[in-house]
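Below, each chain spelled out in residue letters.
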Amino acid sequence: MVKISLRYKIKKRKYDFLIFGAGGMQGKIVLKDLLEKDYRVFVSDVYQHHIDALLEKFPDIEYELLDLRNKKGTFSLIKRINPFMVINCAEGDWNVSVYKACLKNKVHVIDLGSDDGKMTKKQLDMDSAFRKQKLIAITGCGSTPGINNVMLDYAVGLLDSVHTVEAGFAWNSNIKEFVVPFSIPSIVEEFTDPAMFIKNDKWIKKLPIETVKGKRYQEVGRNKIFQVRHPEPYTFYYYYKDKGLKNVKFYAGFPTHSFSAIYNFITLGLASKEKIKVNGSEIMPLEFLTEILRKSELPEGYKENEVLWVQAIGKKDNKRKEIFMECIANTLPGWEDAGCNIDTGIPTSIIAQMVINKQIKAWGSFAPEAVVPKEDFFKALKEKDMDVYMNSRLIN
């Protein structure tokens, strides 16, 4: 195990990190990785049973229950804990309010990304406010957004101009049984919310189900891929339109057995956000589904692998050039319950450590492609057996 020493010089703090949504799928990965590297972490979650599950694995952690909809409570907890950084692993609905609370408390912040470009824009528009406070804020620090953003910046750096970018993820498992791929609420939004993409400098909207097609990836086999609402088209265009970018699409990919199960949840109403009455009590089907699936156990011997991919098309020396970037993640020994989700939680942990160790120094509000040092980031991914390729050539 590689331990990264603390090299930052700040006023002595009791905690390095405060993790929101620590009991969720990604929060658990981030927490485990940071604790293994001897960082001091305080955790928070909205559900006591999520905390109880964490305490079974990490009995010494300190915690506090918090619903991020409580803005005063969010501000108060950050003020009390006074961490070097807040790592927000909760659902993206509360990213802006967490940013505002961190600004008021003069604390650095990163998150897993917002649901779409509108909220991401609000976060990036806070750039001057964070710079004035000499703070760092980075949104979208997981797999995608996250790894894909850094890979795109690597590719664009090799081009004189870029006019088209497509990106996405695809995955599969050795046992064809349904296992929750990542956050069910986020997945449902990907399947149902209109996908936004850019064609010839114009934003266009389509329903994901209208874009479904089959595609085979050498690393994971055949997937059903479809365009989804994601923040990458916004940040890619935001950072690279001056380099000629005019077309951007983002794709989600699921193996057939997983795609079919999720589609059935949606069509049967089990993923609805509209509350229904059951024996006199009101429940939200999606919340019920999320908690039921959370209790499901992995099949014995279950393993996953995932490919994150980015295709950049542009020009180099007045000649057409295409660059295809990939990051391959597999189930790691000791991390079996995370599956290929290590490629979301681990990058978040890596970027947090880069900030605390001053590998990232720029003040302001960013997406990863703007500030994450690419070679160091790829090297850190390799330590968790995540391989990065450019045009089929291993580069880390």
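Up top you'll find the structure we're talking about.
Thresholds applied
Numbers given to residues run from 1 along each chain, matching the order in which its sequence is written. Reporting of local features is limited, given that this is a predicted model, to residues whose pLDDT is at least 70; pairs of side-chain atoms are given and counted only at 80 or more, and all residues count toward the totals for whole chains, interfaces and linings. The basis for every side-chain value is the complete set of heavy atoms in the structure, and neither hydrogens nor water enter the calculation. Patches draw on residues past 30% relative accessible area with no salt bridge. Two like charges within 9 Å are joined, as are two nonpolar side chains (Val, Leu, Ile, Met, Phe, Trp, Tyr) within 5 Å. Accessible surface is estimated by sampling points in the Shrake-Rupley manner with a 1.4 Å probe; for residues, cover comes only from the protein chains shown. Take a side-chain nitrogen of Lys or Arg and a carboxyl oxygen of Asp or Glu: if they are within 4 Å of each other, that pair is a salt bridge. When a residue's accessible area, from a 1.4 Å probe over protein chains only, is under 20% of the maximum for its type it is buried; when over 50% it is exposed; and in between it is partly exposed. Pairing between strands is defined by DSSP: at least two bridges between them are needed. The helix and strand labels rest on DSSP assignments: H or I over at least four residues marks a helix, E over at least two residues marks a strand, and numbering proceeds from the N terminus. Whenever a helix is involved, its axis is fitted only over the stretch in contact; in every case the axis is a line through C-alpha atoms, and angles between N-to-C directions fall within 0 to 180 degrees. Every residue pair with non-hydrogen atoms within 4.5 Å of one another is taken to be in contact. Stacked, edge-to-face and tilted are the three classes for Phe, Tyr and Trp ring pairs, Trp counted by its six-membered ring, which pair at centre distances within 6.5 Å; planes under 30 degrees apart are stacked, over 60 edge-to-face, the rest tilted. Comment: the charge-over-ring label is applied if NZ (Lys) or CZ (Arg) is within 6 Å of the ring centre and within 35 degrees of the ring normal. Charge assignment: positive for Lys and Arg, negative for Asp and Glu; neither His nor the chain ends contribute. Where a charge sits is defined by one atom per residue type, namely NZ (Lys), CZ (Arg), CG (Asp) or CD (Glu). A pair of cysteine sulfur atoms is labelled a disulfide when the two atoms are within 2.5 Å.

1. With respect to a nonpolar patch on the surface
On the surface, a nonpolar cluster with roughly 320 Å² of combined accessible area is contributed by L207, I209, V212 and Y263. A relative accessible area of 45% means that I209 is categorised as partly exposed.

2. Comments concerning the sheet that holds strand β5 (residues 108–111)
The strand order across the open sheet built from seven strands is β3-β2-β1-β4-β5-β6-β17, with neighbouring strands paired in parallel fashion. The outermost strands of the open sheet, each flanked by one partner alone, are β3 (62–65) and β17 (364–366). With strand direction ignored, the average angle separating the axes of adjacent strands in the sheet is 15°. Bridging between strand β1 (residues 17–20) and strand β2 (residues 41–45) involves four bridges; their strand directions are parallel. Bridge assignment links F17 to a residue of β2, and that residue is V41.

3. Quick notes on the pattern of salt bridges
Applying the stated criterion across every chain, the model contains 17 salt bridges. Across the pair E189 and K273 runs a salt bridge, and its minimum N-O distance is 3.3 Å. Of this pair, E189 sits in helix α8 (residues 184–192) while K273 sits in the loop between α10 (256–267) and β13 (276–278), and the two are 84 residues apart along the sequence. In this structure E189 comes out as buried when scored by relative accessible area, which is 14%.

4. Some remarks on the environment of A155
Looking at where A155 falls in the secondary structure, it is placed in helix α7 (residues 147–156). Looking at A155, the relative accessible area reads 0%, which means it is buried. As a C-alpha pair, A155 and I313 span 158 residues in sequence and 9.3 Å in three-dimensional space. Residues within four places of A155 in sequence aside, it is in contact with A312, I323 and M325.

5. Describing the packing of aromatic side chains
Going through the model one piece at a time under the given rule, you end up with 20 aromatic pairs. With centroids separated by 6.0 Å and ring planes inclined at 15°, the aromatic side chains of F226 and F254 adopt a geometry described as stacked. One end of the pair, F226, is in strand β11 (residues 221–227); the other, F254, is in strand β12 (residues 247–254), with 28 residues separating them in the sequence. Comparing F226 with F254, the two get one shared label, buried. Through successive ring pairs, a cluster of aromatic residues spans F169, W171, F191, F226, F250, F254, F259 and Y263. Above the face of the W309 ring, K215 is positioned so that its terminal group lies 5.2 Å from the ring centre. Above the face of the F197 ring, K249 is positioned so that its terminal group lies 5.4 Å from the ring centre.

6. Some thoughts on a positive patch on the surface
A contiguous patch of positive charge, built from K71, K100, K104, K118, K122 and K205, is present on the exposed surface. Broken down by secondary-structure element, the contributors of at least two residues to the positive patch are α4 (95–105) and α5 (117–124). Here K118 is to be found in helix α5. Looking at K118, the relative accessible area reads 67%, which means it is exposed.

7. Considering the side chain of E291
Mapped onto the secondary structure, E291 falls in helix α11 (residues 285–294). Despite being buried, E291 has no salt bridge partner; R294 is the closest side chain of opposite charge, sitting 4.4 Å away. Residues in contact with E291, not counting those within four places in the same chain, are Y47, H49 and H50.

8. Observations concerning the state of the cysteines
Per the stated rule, a full pass over the model turns up zero disulfides. For C89, which is in no disulfide, the shortest distance to another cysteine sulfur is to C141 and amounts to 9.6 Å. With no disulfide of its own, C327 lies closest to C340 among cysteine sulfurs, the gap being 11 Å. Here C327 falls in the buried class, since its relative accessible area comes to 0%.

9. Topic: the pairing of β12
Burial runs high along β12: seven of the eight residues are buried. Pairing of β11 with β12, which is carried by four bridges, proceeds in the antiparallel orientation. Residue pairing in the sheet places K224 in a bridge with F254 of β12.

10. Some remarks on unusual backbone geometry
T144 connects to P145 through a cis peptide bond whose omega is 5°. Look at N279: it is not a glycine, yet its phi comes out positive at around 50°. One can find N279 in the loop between β13 and β14 (281–283). Taking relative accessible area as the criterion, N279 reaches 81% and is therefore assigned exposed. The backbone phi angle of N391 is positive, close to 50°, even though this residue is not glycine. Relative accessible area serves as the criterion here: at 38%, N391 is assigned to the partly exposed category.

11. A short note on α7
Of all ten residues in α7, ten are buried; the element is thus mostly enclosed. Among the residues making up α7, those that are buried are I147, N148, N149, V150, M151, L152, D153, Y154, A155 and V156.

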